[in-house]
Amino acid sequence: MSELEQMYREVILDHYKNPRGHGALDPADATAEGQNPLCGDEVTIFVRFGEDGETIDDVGFEGRGCAISQAATSMLTELVKGRTASEVASLPKEDLLEEIGIPLTPIRLKCAILGLGVLKVALHRAKGTPLPPEWQGLADDLTI
Amino acid sequence: MSELEQMYREVILDHYKNPRGHGALDPADATAEGQNPLCGDEVTIFVRFGEDGETIDDVGFEGRGCAISQAATSMLTELVKGRTASEVASLPKEDLLEEIGIPLTPIRLKCAILGLGVLKVALHRAKGTPLPPEWQGLADDLTI
Amino acid sequence: MAVSSAKALEVERLRADFAVFDELVNGKPVAYLDSASSTQKPRQVLDAMREFYEHSYANVHRGVYTLAERATEGYEGAREKVRAYINAPSNREVIFTRSATEALNLIAYSWGLENLGAGDVVVITELEHHANFVPWQFIAKKTGAQFAHIPIDDAGELQLDALDEIAARGNVKVVANNLVSNTLGTINPVEKLAVWAHEHGAIMVVDAAQAAPHRHIDVQALGCDFLAFSSHKVCGPSGAGALWGRRELLDAMQPFNFGGEMIRSVSLERTSWNELPYKFEAGTPAIAEAYGFGVALDYVSEIGLDAIEAHEHELVVHAMEQLAEIPGVRIFGPPADRRTGIVSFEVANVHPHDVAQILNWEGVAVRAGHHCTQPLMTRLGVAATTRASFYLYSTHEEIDRLVAGLLKVKETFGA
Amino acid sequence: MAVSSAKALEVERLRADFAVFDELVNGKPVAYLDSASSTQKPRQVLDAMREFYEHSYANVHRGVYTLAERATEGYEGAREKVRAYINAPSNREVIFTRSATEALNLIAYSWGLENLGAGDVVVITELEHHANFVPWQFIAKKTGAQFAHIPIDDAGELQLDALDEIAARGNVKVVANNLVSNTLGTINPVEKLAVWAHEHGAIMVVDAAQAAPHRHIDVQALGCDFLAFSSHKVCGPSGAGALWGRRELLDAMQPFNFGGEMIRSVSLERTSWNELPYKFEAGTPAIAEAYGFGVALDYVSEIGLDAIEAHEHELVVHAMEQLAEIPGVRIFGPPADRRTGIVSFEVANVHPHDVAQILNWEGVAVRAGHHCTQPLMTRLGVAATTRASFYLYSTHEEIDRLVAGLLKVKETFGA
Ligand SMILES: Cc1ncc(COP(=O)(O)O)c(C=O)c1O
Ligand SMILES: Cc1ncc(COP(=O)(O)O)c(C=O)c1O
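Residues numbered from 1 in each chain as written. Chains lettered and ligands numbered in written order. Predicted model: local features only at pLDDT ≥ 70, side-chain atom pairs only at ≥ 80, totals over all residues. Heavy atoms only, no water.

Right, let's get into the domain arrangement of chain C. Residue and element names in this part refer to chain C. Taken domain by domain, chain C consists of domain 1 (11-41 + 304-413) and domain 2 (49-301). Measuring from the centre of the C-alpha atoms in domain 1 to the corresponding centre in domain 2 gives 28 Å. Facing 37 residues of domain 1, the contacting portion of domain 2 comprises 35 residues. Around 3,100 Å² of area is buried between domain 1 and domain 2 when both sides are counted, 53% of it from carbon and sulfur atoms. (Domains from an automatic or database assignment. Contact = heavy atoms within 4.5 Å. Buried area = accessible area lost by both parts, 1.4 Å probe.)

With 92 residues of chain C in contact, the opposing surface of chain D contributes 93 residues. There are 8 salt bridges connecting chain C and chain D. Among the ionic pairs, Asp47(D) bridges to Arg50(C), the shortest N-O distance being 2.6 Å. Connecting chain C to chain D are 40 residue pairs in polar contact (both at pLDDT 80 or more). In terms of residue count, helix α3 (residues 43-55) of chain C provides more of the side of chain C that touches chain D than any other element does, 7 residues in total. (Salt bridge = Lys/Arg side-chain N within 4 Å of Asp/Glu carboxyl O. Polar contact = N/O pair within 3.5 Å; in protein donor to acceptor, adjacent residues only side chain to side chain. Helix = DSSP H or I, 4+ residues; strand = E, 2+ residues; numbered from the N terminus.)

The next thing to look at is unusual backbone geometry. Here the amide bond leading from Leu276(C) into Pro277(C) is cis, since omega sits at -5 degrees, within 30 degrees of zero. Summarising the element assignment, Pro277(C) is placed in the loop between β12 (271-273) and α11 (287-303). Here the phi dihedral of Cys372(C) falls at roughly 60 degrees; this positive angle occurs in a residue that is not glycine. With respect to the helices and strands, Cys372(C) occurs in the loop between β16 (367-369) and α14 (374-380). Despite not being glycine, Cys235(D) has its phi angle at roughly 75 degrees, a positive value. Examined against the element boundaries, Cys235(D) turns out to sit in the loop between β9 (226-230) and β10 (241-245).

Turning our attention to the relation of the copies chain C and chain D. Superposition record for chain C on chain D: RMSD 0.0 Å, screw rotation 180 degrees, translation along axis 0.0 Å. The superposition of one copy onto the other is thereby described by a two-fold rotation axis. Proximity to the rotation axis, assessed at the C-alpha, singles out Gly239(C) in chain C; its C-alpha lies 2.9 Å from the axis. Both copies share a contact surface, since 100% of the interface residues of chain C are interface residues in chain D too. (Least-squares fit on C-alpha atoms with pLDDT ≥ 70 in both.)

So, on to the packing of helix α5 (residues 93-100) of chain A against helix α6 (residues 106-127) of chain A. Residues and elements named next belong to chain A. Close contact between α5 and α6 brings their axes to 10 Å; oriented N to C, the two are set at 115 degrees. For the pair α5 and α6, the sense of crossing is right-handed. Listed contacts from α6 to Lys93, Leu96, Leu97 and Ile100 of α5 are Leu109, Ala112, Ile113 and Leu116. Broken down by class, the residue content of the contact of α5 with α6 amounts to 7 nonpolar, no polar and 1 charged. (Axes fitted to C-alpha atoms, helices over the stretch in contact; angles between N-to-C directions. Left-handed = near helix turned anticlockwise from the far one by under 90°. Nonpolar A, V, L, I, M, F, W, Y, C, P; charged D, E, K, R; others polar.)

Right, let's talk about the site of ligand 1 for a bit. Taken together, 15 residues are adjacent to ligand 1, and Thr101(C), Asp207(C), Gln210(C), Ser230(C) and Lys233(C) come closest. Each of chains C and D places residues near ligand 1. Between ligand 1 and the protein, one listed contact pairs an oxygen atom with a side-chain N or O atom of Ser230(C) at 2.6 Å. One of the side-chain nitrogen or oxygen atoms of Lys233(C) is found 2.7 Å away from an oxygen atom of ligand 1. (Near = heavy atom within 4 Å.)

Glancing now at the nonpolar core. In terms of nonpolar packing, the biggest core is built from 89 residues, with Ile86(D), Leu227(D), Phe229(D), Val300(D) and Leu392(D) touching the most fellow members. Looking at which element gives the most residues to this core, the answer is helix α11 (residues 287-303) of chain D, with 10 residues. Those residues in contact with Leu227(D) that sit more than four places away from it in its chain are Ile86(D), Val206(D), Ala208(D), Ile217(D), Val219(D), Leu222(D), Ala242(D), Leu243(D) and Trp244(D). Residues Val30(C), Val82(C), Ile166(C) and Ala365(C) belong to the second largest nonpolar core, which totals 88 residues. (Core = buried A, V, L, I, M, F, W, Y, C linked by side-chain atoms within 4.5 Å. Buried < 20%, exposed > 50% of the residue type's maximum accessible area, 1.4 Å probe, protein only.)

Further remarks concern the site of ligand 2. Close contacts around ligand 2 come from 15 residues, with Thr284(C), Thr101(D), Asp207(D), Gln210(D) and Lys233(D) the closest. Surrounding ligand 2 is a set of residues that belongs to chains C and D. Within the side chain of Thr101(D), one N or O atom sits 2.5 Å away from an oxygen atom of ligand 2. His232(D) has a polar side-chain atom sitting 2.6 Å from an oxygen atom of ligand 2.

Bringing the interface of chain D and chain A into the picture now. On the chain A side, the residues contacting the 23 residues of chain D number 16 residues. Approximately 1,700 Å² of surface area, both sides summed, lies buried where chain D meets chain A, with 51% of it carried by carbon and sulfur atoms. There are 0 salt bridges connecting chain D and chain A. At the boundary of chain D and chain A, one finds 1 residue pair in polar contact (both at pLDDT 80 or more). When residues of the side of chain D that touches chain A are traced back to their parent elements, those giving at least two are α10 (247-252), β11 (263-266) and β12 (271-273) of chain D. Partitioning the side of chain D that touches chain A into residue classes produces 6 nonpolar, 7 polar and 10 charged.

Residue and element names in this part refer to chain C. Sheet architecture is open: 7 strands sit in the order β4-β10-β9-β8-β7-β5-β6, paired in mixed fashion. Two strands close off the open sheet at either side, each with one partner strand: β4 (94-97) and β6 (146-150). The average angle at which neighbouring strand axes cross in this sheet is 20 degrees, direction not considered. The sheet contact formed by strand β7 (residues 171-178) and strand β8 (residues 203-207) spans 5 bridges and is parallel. Note that in β8 the partner of valine 175 across the bridge is methionine 204. Taken strand by strand, helix α4 (residues 66-85) contacts β4, β9 (226-230) and β10 (241-245), and its axis lies near 115 degrees from that of β4. (Pairing = 2+ DSSP bridges.)

Let us look at the confidence of the model for chain C. The share of residues in chain C with pLDDT of 70 or more is 98%, and the mean pLDDT across the chain is 96. Two summary scores accompany this predicted model of the complex, namely pTM at 0.96 and ipTM at 0.95. (pLDDT = per-residue confidence, 0-100.)

To continue, consider the pattern of salt bridges. Tallied over the full model, the rule gives 64 salt bridges over all chains. Arg79(C) is the salt-bridge partner of Glu281(C), the closest N and O atoms lying 2.8 Å from each other. Placement of the pair is Glu281(C) in the loop between β12 and α11 and Arg79(C) in helix α4, with a sequence separation of 202 residues. The class of Glu281(C) is buried, set by a relative accessible area of 5%. Among the salt bridges present, the one from Asp298(C) reaches Lys81(C), with a minimum N-O distance of 2.7 Å. In this pair, Asp298(C) sits in helix α11 while Lys81(C) sits in helix α4, placing the two residues 217 residues apart along the sequence. The class of Asp298(C) is partly exposed, set by a relative accessible area of 33%. Assessed through its relative accessible area of 31%, Lys81(C) is described here as partly exposed. Taken together, the shared-partner salt bridges connect Asp14(A), Arg20(A) and Glu78(A) into one network.

Next up, the structure:
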């Protein structure tokens, strides 16, 4: 299989064309928005917790992006459902990348982990879960 | 004669060691101060006009500098005495360089013409004689 | 296929100057179609810089010794080349910067901080590059000035009818526009804007980053007050750029960066500035890079800007014709005769990142993204586009490879 | 004459890396004794840059294609090399600039404009380079803060007893000092100043332009908050420099230059910033120069900073001994064991320009002037000095030629 075929393998295109968890949740218990400064892509993540206020019952997303970012965010929603906020806060990006299962250059890596970063910011804001330096850039809010 | 010997020929060293016109004039009819930003050398020029208020009767200078700049300024005082302000305002630097009579690299050229520039600024300020762009940098007064 | 002016340019001979074209990517020669982002470098420039480093390198301006004199001569010689390239009246008005971006920041800070305030209006356009947008947005905010934009029409042309309304908002003090849009290739009417700006007592700032490599530039004919461009987009090294400004304006401005070389004298109580252009060049400049910038301008001038423009025009005509034939491909911006060698497009249902990624497997290098023009993207209603851009070394065959690659994109995505 | 560590360095072998040493000036090989101003470049750096331009050049960060990936890897790899060189905790804290000067301006503007005001005190020293003096003088004036200096004693050492009096003047907010003085070679007690600064709630800014090429730098051991240095003084190309800053401080700062790459999103209403370090790198950076900077750090590190320091120490001991024997020569600054490989001196009754000019006829390149330290010149009571400075490629023989040249100077002037 060529690298190209690997990158756009069936499962990626399937998640891209039929994203799981696509759509806003209203009301949501936690939400955040983030951009990929390289291409202007945006993603907004919505989270609903279960009765314990900790377990992720439902997660949805909106936004636009390339096949990698959309498929990755779609896979992310499947990956985190049923886990607690603090589990997800400490979820290493490698777990998601394994799920995606294709070789990624550094620049496409940013596409793949945008959704995960935004989700971590949402949990950090709603639940005060830790946000390691790696993800803090997404939460900065200095502006003109 | 080597270039070195040319540059430090007898007459230069003589003007350097026994500068003509050295010393402040007090009172003076026109005065200005300038620096060579490259080495921090400074020169202050003093002018006294004759009865017509136009002819340079006396010119003196103070400051510190290399042999080239000191000798050039010393020669300058001899060159301009008896001329009018507007004659000196339009005096091309080549006239002075001819007097100096040695080959100069661009950086040493700046040493040689510092005194002339400062004199032109002094005349410009006292008499409103024109100050071509080439010399205006010496007269700028933006500061912190 | 018309190849006359391409022939006039002897593209194949020129390509031999660029070692990168021997490079294989995924087993294929590189079709480098991202010159609007940065150009490749000919050996003439690389050779000259090496030579400079080995025989003429020292810090500039202050050394009395021979190497320093040679370095200063090389550096100041490059300044004169920049002056001639843009027909500036004096090389004291030419300031070396890192880039067009830094040049534009210099104006925004040094001119803007002192001259803008409440009631003033800073005018940019909807198709500015962030480099000529965000500095003004920042300075406007900082000084309390209004930040207004000239909108574009659907073809990517500035809507000059909006000017009256903008003038009614306050004292127009700055008009800033790129001469060529880096995303659409649109050639903007900066001469007209300069007249309008001056009628309102404003300064006209021209971002020529995307114009200077491709067309004759004459700051006096443009009638502008400041003009900025970058070395790396005109076959020169990275790390160098130039700002031209009118002497009276530059003279009255405070410096931007502070440090060595830009001072006349420094003391604890009082510090004064060196003359132009040094007042704006604090610290050790990009010496060898400025020198290489000058060599690049020689290289491009020798080929001839008219020939380059004609060649790029042919390429863009060819590209637009070919792209228009692919179903689902939409081209943004004006017709070919209103643009330089730049084509931005979208492929229906495929994100530009994926387009560029698949093209790369075919050895075709294009840019995908917002091209540092997010306000324009918003206007076009997209997050990003795919952009192909050409230069003197680009060929019809590379465009044909782009087209073949796009068919592969569509196949992959079943689009 | 002790040559042990010079031998440890294998100077002759190293000199073969520098093509410039084959150069003849006035028929003589160049004795390049102006490395404090800028260093010569080894072929390892020049080769690597050429290779980069020919096989890996494109604009960085945004391209999805292979050349852009390679360029980005080269550029970001250099950032990691800078980080390792100064032992910074994270490469997100390493910002590429044009030079040390630009790095210091960045801090003065971005941190200073927001954090300084009336009642605050900015502290610099009497032996600062203008690059770490004038930006602070400007920002202090602009914000209404006081501008205070730590005086030096006759040997060129900071008088730390003055600190109490300075602290009494207001809220000390910034202490800025060079780790090594470029004029006297003095090694300054920045660790102590950092402790004092932090006790007073101030930030400690270290100008390491003259230290980083010659000694191990560890920002964590120094305890400072910001540190700046330049590529061109450490065998790297011109046009590149680095700023390191503590993450918390950098995070809270507004950007300095604005444009492409430093933004997260831009709209007419609201613009937000990219993450570190990109927030501070507006526009196309000095791509190949940053890459070459990294290669230069490898080159110097491989030789070993301890060996370089020991070699320079021997040279400066030799130089000071030899110069002291010439009647009429006066050396400024501290004893050899308190300085790096820099010697400033005066020759009685001969201006430094004339000294340097005559030395140049002998093929000896030294610097004459105020070395961008006018306040220090004022303190020393001179307008200028002559300065010889050494690097890894300098030899005892070159110093002997300097000494012979000085005898010629005295002869010419009958001094
Ligand atoms: C129109 C325009 N302006 C400004 C810039 C900024 O140029 P640089 O990144 O060289 O500063 C660019 C380059 O991307 C451009 O295309
Ligand atoms: C101590 C010191 N600080 C700052 C600088 C400025 O360095 P650059 O000119 O590379 O910005 C220098 C170099 O002259 C220096 O020696």
